[in-house]
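For reference, the chains in residue letters:
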Amino acid sequence: MAEDIDLSTIDTLLSPVILFFILGALAAAARSDLSVPEPIAKGMSLYLMAAIGLKGGVQVSAAGMSSDMVGAAIAGMALSFGLPFVAFALLRSWGGLDRMNSGAVAAHYGSVSIVTFVTASEALTRSGAEPAGYMVAVLALMETPAILTGLLLAQNGLKQKSGAPGGHIWREVFLNGSVVLLLGAFVVGLVIGKDKYAAISPVFTTGFSGILCLFLLDMGLVAVRRLRESRGMTLRLASLGIALPLINGSLGLGAALLLGLHAGTAAAFAMLAASASYIAVPAAMRMALPKADPGIYLSMSLAVTFPFNIIVGIPLFAALASRFAG
Amino acid sequence: MAEDIDLSTIDTLLSPVILFFILGALAAAARSDLSVPEPIAKGMSLYLMAAIGLKGGVQVSAAGMSSDMVGAAIAGMALSFGLPFVAFALLRSWGGLDRMNSGAVAAHYGSVSIVTFVTASEALTRSGAEPAGYMVAVLALMETPAILTGLLLAQNGLKQKSGAPGGHIWREVFLNGSVVLLLGAFVVGLVIGKDKYAAISPVFTTGFSGILCLFLLDMGLVAVRRLRESRGMTLRLASLGIALPLINGSLGLGAALLLGLHAGTAAAFAMLAASASYIAVPAAMRMALPKADPGIYLSMSLAVTFPFNIIVGIPLFAALASRFAG
Amino acid sequence: MAEDIDLSTIDTLLSPVILFFILGALAAAARSDLSVPEPIAKGMSLYLMAAIGLKGGVQVSAAGMSSDMVGAAIAGMALSFGLPFVAFALLRSWGGLDRMNSGAVAAHYGSVSIVTFVTASEALTRSGAEPAGYMVAVLALMETPAILTGLLLAQNGLKQKSGAPGGHIWREVFLNGSVVLLLGAFVVGLVIGKDKYAAISPVFTTGFSGILCLFLLDMGLVAVRRLRESRGMTLRLASLGIALPLINGSLGLGAALLLGLHAGTAAAFAMLAASASYIAVPAAMRMALPKADPGIYLSMSLAVTFPFNIIVGIPLFAALASRFAG
Amino acid sequence: MVELVRRKRIDILIDAPLCEWLAETAAGVGISHYTLASLAAGMGHGGAWRDEDVSGAVAKRMFIAITGEAKVEALIAALEAHLGEYGLVVTIADVDVVRGDRF
Amino acid sequence: MVELVRRKRIDILIDAPLCEWLAETAAGVGISHYTLASLAAGMGHGGAWRDEDVSGAVAKRMFIAITGEAKVEALIAALEAHLGEYGLVVTIADVDVVRGDRF
Amino acid sequence: MVELVRRKRIDILIDAPLCEWLAETAAGVGISHYTLASLAAGMGHGGAWRDEDVSGAVAKRMFIAITGEAKVEALIAALEAHLGEYGLVVTIADVDVVRGDRF
Ligand SMILES: Nc1ncnc2c1ncn2[C@@H]1O[C@H](COP(=O)(O)O)[C@@H](O)[C@H]1O
Ligand SMILES: Nc1ncnc2c1ncn2[C@@H]1O[C@H](COP(=O)(O)O)[C@@H](O)[C@H]1O
Ligand SMILES: Nc1ncnc2c1ncn2[C@@H]1O[C@H](COP(=O)(O)O)[C@@H](O)[C@H]1O
Ligand code: NA
Ligand code: NA
Ligand code: NA
């Protein structure tokens, strides 16, 4: 019996969270000087990561470990490793990028966007199909493998130029602030459980949607400003910025169905595959592949794929998951 | 039968919001090093604007459009256009300012202070006389017309010096971040309505008064520091900083009574007229009239009129509105 | 009949607040790039100070002034004056520091750490032994006397070198932002009382534990990073960073027992004595004793004593207070 | 050895609301690359200012461009009419740069 | 053409808590106009510091003043006694300024 | 009078994620003391950037070191291979310093 996700596209679009994103995008498109100070944006993103980490951990501490969890973790890492190959092939052939830039962009699409996941979770929870708590851990595990694949592809095998910032890259990759905070808060949630969470839930649960509104307002501003400042973006690359989430999301949904995940979890899994990193991976690429053009990879992931996922991807994969998942 | 606003002066003065303002003012007067980081202050002001925009929109979506709304909007814009003439005349004659500075200051007094409005709304709501939701839209509409009048007066007609930052001024004026956020959040509130607002109301409604306390703490610090650093302020100008809100507020209250607005709305309308901008207009004046002295217009609006309105203006016009409005 | 504080060490360690502190410490130890923007950290610390000040004031307004209060205030100031002598002797003999650095460090240990107090209050309140509201005022009074003693000891009597930043030091000491905000919010709480506090309690009470989690995450990061960057730290000094809170805390607990404070209040009083300043005093020392090495005093108070108090000191003195206080 | 080439560095202290205008004026004389540095506070004829002021109107930035002497002169000429009224503080210094052809 | 005049630019790296004192010392020798630039981090004899440190005690600023040579010398003389103990890093450079009479 | 000594000031504009690497490279040639200044925005061949970008990847800093000429040359030599790919903007200027033995 298929779980039913009550998430019509139009309803999603009219949620406050999405409307604030659209407001930010329109303000930036109209060249308004509206802006959110960078420390505030960073503070809100720390808050959102701590909150979803905690909630995931508390949920797992209540529901117990499950075999689903292991399956999803392995499938997630496999996708993160594998998806960049697909992206790389398309970026080189259809996109016309060189090896270096193709590898850098591919890494972004194998990795994940935390904010896309958070927005998807919020939408799914609102529609009565909350994803399983362990998906936060899956999210964290999917951040890094794609970076390895992307570097391999970009450099035609891993090499280390002497004097280049080598050691720092791997620290950045594995001890990236967002991975550490997500997993750390997840473990805190696991340890404290439901009862002790009660004291802090006003901040981390009750306040969540409201803060997410303000954060997405900023994301709308940033995405459109990035689009306007893009050099090196072509129509072909933009079309890939839409095709890749559809392809990756479908592969992710397929994997989720094979694993037998329930609808909300399957939709969240598909969104992880569909999403593209714009925080952890760009910083790593800036160090590891300094010649790759940040204008290309940031514009594709942040200015094309992110808005597409927020507005089209989430309702689409939620509907598909609702139809096909058990 | 007159609606009764239970808002005695002493009671207002003892509200936490005002006490925090006074605390900030005293700390700055004693030259304490207490300070609120600028990104935090800006973040709180974005929050306050989003919150009142949303609440106004949600309220109008429940109450429906009314003819009051159109009347108030037209009257508000007319006042914003017109009030600078009064101010200009007084600033030139009694204040002894030149044409340029008089025009710049006059623009501030025709425009509005969002924080004064927010504080007035909070006080009125607490006393059981919540202003109508559409007043947020009126507030946004009143921000800009005064800038036009002020420039006309300052330059004796609008002219554009070649090489001066022309286009930017008009973008600053019409797509000013605060106008865009206020109106945008108002529209979001209109669209989502009461039900969907419930999910975000813990952040935007429940948290409102507390955040306002911290914001006014900062405003107290900033206002008194500005006063201390003022050059070019004279006793005559300071007296105008008190006379103008009284004159403008009375004109605003008169208009509100003619329109037949109910007491809480009329008081809020009077406060819009009485208040002077210290965010949107200064930035526009810095661009359009760079020779005008920011020390004068910022000190008058921020260091004299703002505290006067918070401490005296709000309870005064609330009492008058309560007595005269139906 | 001794009041019972249900605060086993292991339970404290597993509270979300402490776990976030440990998470931050581990992240910094692993050299993760996780970091909280400085304005956010400062904003949270302003929030915490305003919140405990308010709550203390509201509580006193309900409970009324008590003679305990006067006793605790006098004892607190006496300890703040006196404790630096003990610290100074140990720092010179066992620690091997020169007169200047010994005086500077001693001032930190006589003064107090607001965050340690806040964390202790939170833990005590959670265990059903909320400290008396007036302890916030005692905290504020204990910040400064130690600075005087420390300077006397460092300089072998107070002298003022010509051209040195003299006047500023005393303003920094007496009108220090944290003292002003704590006492100011305390007075606001006293004035508004329980009823008016209700409107702002969602922000200042309900949100407290959650914000404290995020703040301690940052403190964990900062403490360990400071430890890593320490030069001039020796094993002997580190051992004093642990011995001094034990000695000072015991003296504080003894004084509290003599005053007949109830268990929760006595434990909080002991923690004030045990804690070492790392905000107000370092800034004052940087001005007054610029030749003293900030690497030493910041590392001892922030990187050794603060974590020790959070993890060991609070449960220890809570247990002792529970056993001995009436 | 890497070759060093002599260029000019021009620093212009300017109000934050006027940065966009300055960037356009500079682009007009061929200086299209620049950096804006963050400033915390200052004191001048117009009194003191701090970055913390709630009204962004008084925040300031340092506009920095490395370029050739001719373009520096062109920029100063373009700004001449506004030097006084915008309270610009302009300094020019000699610097040696690597990859001199870029500037 | 706009006239350029040779002046000195003095940069003093200083702890944030000491900025007010430095401003007063500078005013004492006639340097009443200055700008404070924001700094993010650094490394010196005293170890590393970052702006992110919770204790504002170790944050630093760059005090910048454009003025004549005589006043620069007077300022250095006034600071001489404190150069070592406050760990000030002082540099002086030649700059050309417009509106030279202002400095 | 306080003695002034001639030194070099090297300014390197660099991406924030690469600062740690630059500090290590500088330490490698004996430049172990430096300051990082905060920057707000800029424009170059690679387009515009702002500190407000959510991805820290494009934020930039100004690495500033005061040191002797020999070390400056050594640093430039060490950076040579990376000047192009990391988009570093490097300027070197003469400065007079007090307490010259420290640099
Ligand atoms: N001689 C100077 N040296 C450094 N900065 C200056 C100087 N004169 C002015 N400034 C800066 O420029 C701002 C505006 O100057 P003014 O137009 O004189 O008020 C001041 O607030 C300072 O930040
Ligand atoms: N040679 C230098 N070049 C640039 N900045 C320096 C230099 N020496 C010291 N500093 C800065 O001055 C601060 C204090 O220096 P110190 O007193 O040596 O610890 C350092 O943390 C750096 O930010
Ligand atoms: N001529 C210049 N003057 C000042 N800053 C520059 C200059 N060229 C480049 N920059 C800065 O260096 C950054 C990177 O330059 P680019 O590698 O050309 O994109 C730009 O965004 C500017 O902030
Ligand atoms: Na992905
Ligand atoms: Na007005
Ligand atoms: Na103590």
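The shown structure was predicted, so the numbers you read here are calculated from the model rather than taken from an experiment.

**Observations concerning the site of ligand 3**
In step 1: Around ligand 3 sit 18 residues, and of these Thr35 and Arg102 of chain D together with His45, Gly46 and Trp49 of chain F come closest.
In step 2: What surrounds ligand 3 is not a single chain but chains D and F.
In step 3: Ile66 of chain D is positioned with one of its backbone polar atoms (N or O) 2.9 Å from a nitrogen atom of ligand 3.
In step 4: Within the backbone of Gly44 of chain F, a nitrogen or oxygen atom sits 3.4 Å from an oxygen atom of ligand 3.

**Observations concerning the coordination of the sodium ion (ligand 4)**
Residues and elements named next belong to chain A.
In step 1: Listed as protein donors to the sodium ion (ligand 4) are Tyr109 (O), Ser111 (O), Leu272 (O), Ala273 (O) and Ser275 (O); their distances from the metal cover 2.4 to 2.9 Å.
In step 2: Counting residues between consecutive donors of the sodium ion (ligand 4) along the chain gives the motif Y-x1-S-x160-L-A-x1-S. Of this pair, Tyr109 sits in helix 5 (residues 99–110) while Leu272 sits in helix 14 (residues 263–274); the two residues are 163 residues apart in sequence, bridging distant segments of the chain. You'll find Tyr109 and Leu272 in the same group, each marked buried.

**Here's the deal with the coordination of the sodium ion (ligand 6)**
Residue and element names in this part refer to chain C.
In step 1: Binding of the sodium ion (ligand 6) to the protein goes through Tyr109 (O), Ser111 (O), Leu272 (O), Ala273 (O) and Ser275 (O), at separations of 2.4 to 3.0 Å.
In step 2: Spacing between the donor residues of the sodium ion (ligand 6) along their common chain follows Y-x1-S-x160-L-A-x1-S. On the criterion of sequence distance, the pair formed by Tyr109 in helix 5 (residues 99–110) and Ser275 in the loop between helix 14 (263–274) and helix 15 (280–288) is long-range, its members being 166 residues apart. In this pair, the class of Tyr109 matches that of Ser275, namely buried.

**Notes on a nonpolar patch on the surface**
Residues and elements named next belong to chain A.
In step 1: Taken together, the side chains of Ile242, Leu246, Val312 and Leu316 make up a nonpolar region of the molecular surface, amounting to roughly 260 Å² of accessible area.
In step 2: Among the secondary structure elements, those contributing two or more residues to the nonpolar patch are helix 13 (235–259) and helix 16 (294–324).
In step 3: Topologically, Leu316 is positioned in helix 16.
In step 4: In this structure Leu316 comes out as partly exposed when scored by relative accessible area, which is 33%.

**Quick word on the relation of the copies chain A and chain B**
In step 1: For the pair chain A and chain B, the best superposition has an RMSD of 0.0 Å and corresponds to a rotation of 120° with a translation of 0.0 Å parallel to the axis. Overall, the copies show the geometry of a three-fold rotation axis.
In step 2: Each copy contacts the other with its own distinct surface, as only 8% of the interface residues of chain A are interface residues in chain B too.

**Focus: the pairing of strand 5 (residues 89–97) of chain E**
In step 1: Of all 9 residues that make up strand 5 of chain E, 8 are buried, and the element is covered over most of its length.
In step 2: Two elements, strand 5 (residues 89–97) of chain D and strand 5 of chain E, share 2 bridges in a ladder whose sense is antiparallel. Counted as the bridge partner of Ile92 of chain D is Asp96 of chain E from strand 5 of chain E.
In step 3: Across 9 bridges, strand 1 (residues 5–15) of chain E lies against strand 5 of chain E in antiparallel orientation. If you follow Arg7 of chain E over to strand 5 of chain E, its bridge partner there is Val95 of chain E.

**Concerning the interface of chain A and chain B**
In step 1: With 26 residues of chain A in contact, the opposing surface of chain B contributes 26 residues.
In step 2: Taken together, the links from chain A to chain B amount to 0 salt bridges.
In step 3: On the surface where chain A and chain B come into contact, there are 3 residue pairs in polar contact (both at pLDDT 80 or more).
In step 4: Put simply, the parts of the chain that give the side of chain A that touches chain B at least two residues each are helix 2 (16–29), helix 3 (38–63) and helix 12 (208–229) of chain A.

**Let's talk about the confidence of the model for chain D**
In step 1: Considering every residue of chain D, the mean pLDDT works out to 90; 93% of them sit at 70 or more.
In step 2: Both scores are given for the predicted complex: the pTM is 0.92, the ipTM 0.91.

**Details of the site of ligand 1**
In step 1: Around ligand 1, the structure places 18 residues, and the nearest of them are His45, Gly46 and Trp49 of chain D together with Thr35 and Arg102 of chain E.
In step 2: Nearby residues place ligand 1 at the junction of chains D and E.
In step 3: At a separation of 2.8 Å, an oxygen atom of ligand 1 approaches a polar side-chain atom of Thr35 of chain E.
In step 4: Within the residue set of the shell around ligand 1, elements represented by two or more residues are strand 2 (34–44) of chain D together with strand 2 (34–44) and strand 4 (60–67) of chain E.
In step 5: For the shell around ligand 1, a count of residues per class yields 9 nonpolar, 7 polar and 2 charged.

**A few points about the pairing of strand 4 of chain E**
Moving residue by residue along a regular strand, the side chains alternate between the two faces of the sheet.
Residues and elements named next belong to chain E.
In step 1: Most of strand 4 sits inside the fold, with 7 of its 8 residues counted as buried.
In step 2: Bridging between strand 1 and strand 4 involves 8 bridges; their strand directions are antiparallel. Note that in strand 4 the partner of Ile10 across the bridge is Ala65.

**With respect to the environment of Met43 of chain E**
In step 1: Among the structural elements, Met43 of chain E can be located in strand 2.
In step 2: For the pair formed by Met43 of chain E and Ala26 of chain E, sequence separation is 17 residues and the distance between their alpha carbons is 26 Å.
In step 3: Contacts of Met43 of chain E, omitting those with residues within four sequence positions, involve Arg231 of chain C, Ala48 and Trp49 of chain E together with Ser32, His33 and Tyr34 of chain F.

**Considering helix 16 of chain A**
Residue and element names in this part refer to chain A.
In step 1: The end-to-end C-alpha distance of helix 16, which contains 31 residues, comes to just 38 Å, noticeably less than the 45 Å that a straight helix rising 1.5 Å per residue would cover.
In step 2: The largest bend in helix 16 amounts to roughly 50° and is located at Asn309.
In step 3: Burial of helix 16 is extensive: 24 of the 31 residues sit out of reach of the surface.
In step 4: For helix 16, the N-terminal capping position is held by Asp293, with its side-chain oxygen 2.7 Å away from the main-chain nitrogen of Gly295.

**Focus: the packing of aromatic side chains**
In step 1: Overall, the coordinates contain 21 aromatic pairs over all chains when judged by the stated rule.
In step 2: The interplanar angle of 10° and the centroid separation of 6.3 Å between the aromatic rings of Phe20 of chain A and Phe204 of chain B together place this pair among those described as stacked. Here Phe20 of chain A, found in helix 2, pairs with Phe204 of chain B, found in helix 11 (residues 201–206), and the two come from separate chains. Phe204 of chain B carries the same exposure label as Phe20 of chain A, and that label is buried.
In step 3: Aromatic side chains Phe21 of chain B and Phe306 of chain B sit 5.5 Å apart centroid to centroid with 75° between the ring planes, which places their arrangement in the edge-to-face category. In this pair, Phe21 of chain B sits in helix 2 (residues 16–29) while Phe306 of chain B sits in helix 16 (residues 294–324), placing the two residues 285 residues apart along the sequence.
In step 4: Judged by relative accessible area, which is 3%, Phe21 of chain B ranks as buried.
In step 5: Phe306 of chain B gets classed as buried once you look at its relative accessible area, which sits at 2%.
In step 6: Here a set of aromatic residues connected by ring pairs shows up, and it is made of Phe20 of chain A together with Tyr47, Phe204 and Phe208 of chain B.
In step 7: Between Lys55 of chain A and the ring centre of Phe208 of chain A, over which it is positioned, the NZ or CZ distance is 3.6 Å.

Cut-offs and rules
- Residues numbered from 1 in each chain as written.
- Chains lettered and ligands numbered in written order.
- Predicted model: local features only at pLDDT ≥ 70, side-chain atom pairs only at ≥ 80, totals over all residues.
- Heavy atoms only, no water.
- Near = heavy atom within 4 Å.
- Polar contact = N/O pair within 3.5 Å; in protein donor to acceptor, adjacent residues only side chain to side chain.
- Donors = N, O, S within 2.8 Å, 3.2 Å for Na, K, Ca; no water.
- Helix = DSSP H or I, 4+ residues; strand = E, 2+ residues; numbered from the N terminus.
- Buried < 20%, exposed > 50% of the residue type's maximum accessible area, 1.4 Å probe, protein only.
- Patch = residues over 30% accessible without salt bridge, like charges linked within 9 Å, V, L, I, M, F, W, Y side chains within 5 Å.
- Areas by Shrake-Rupley, 256 points an atom, 1.4 Å probe, with all protein chains shown as cover.
- Salt bridge = Lys/Arg side-chain N within 4 Å of Asp/Glu carboxyl O.
- Least-squares fit on C-alpha atoms with pLDDT ≥ 70 in both.
- Contact = heavy atoms within 4.5 Å.
- Pairing = 2+ DSSP bridges.
- pLDDT = per-residue confidence, 0-100.
- Nonpolar A, V, L, I, M, F, W, Y, C, P; charged D, E, K, R; others polar.
- Expected span 1.5 Å × (residues − 1).
- Bend = angle between axes of the 7 residues up to and from the residue.
- Phe/Tyr/Trp six-rings, centres within 6.5 Å; stacked < 30°, edge-to-face > 60°.
- Lys NZ or Arg CZ within 6 Å of the ring centre and 35° of its normal.

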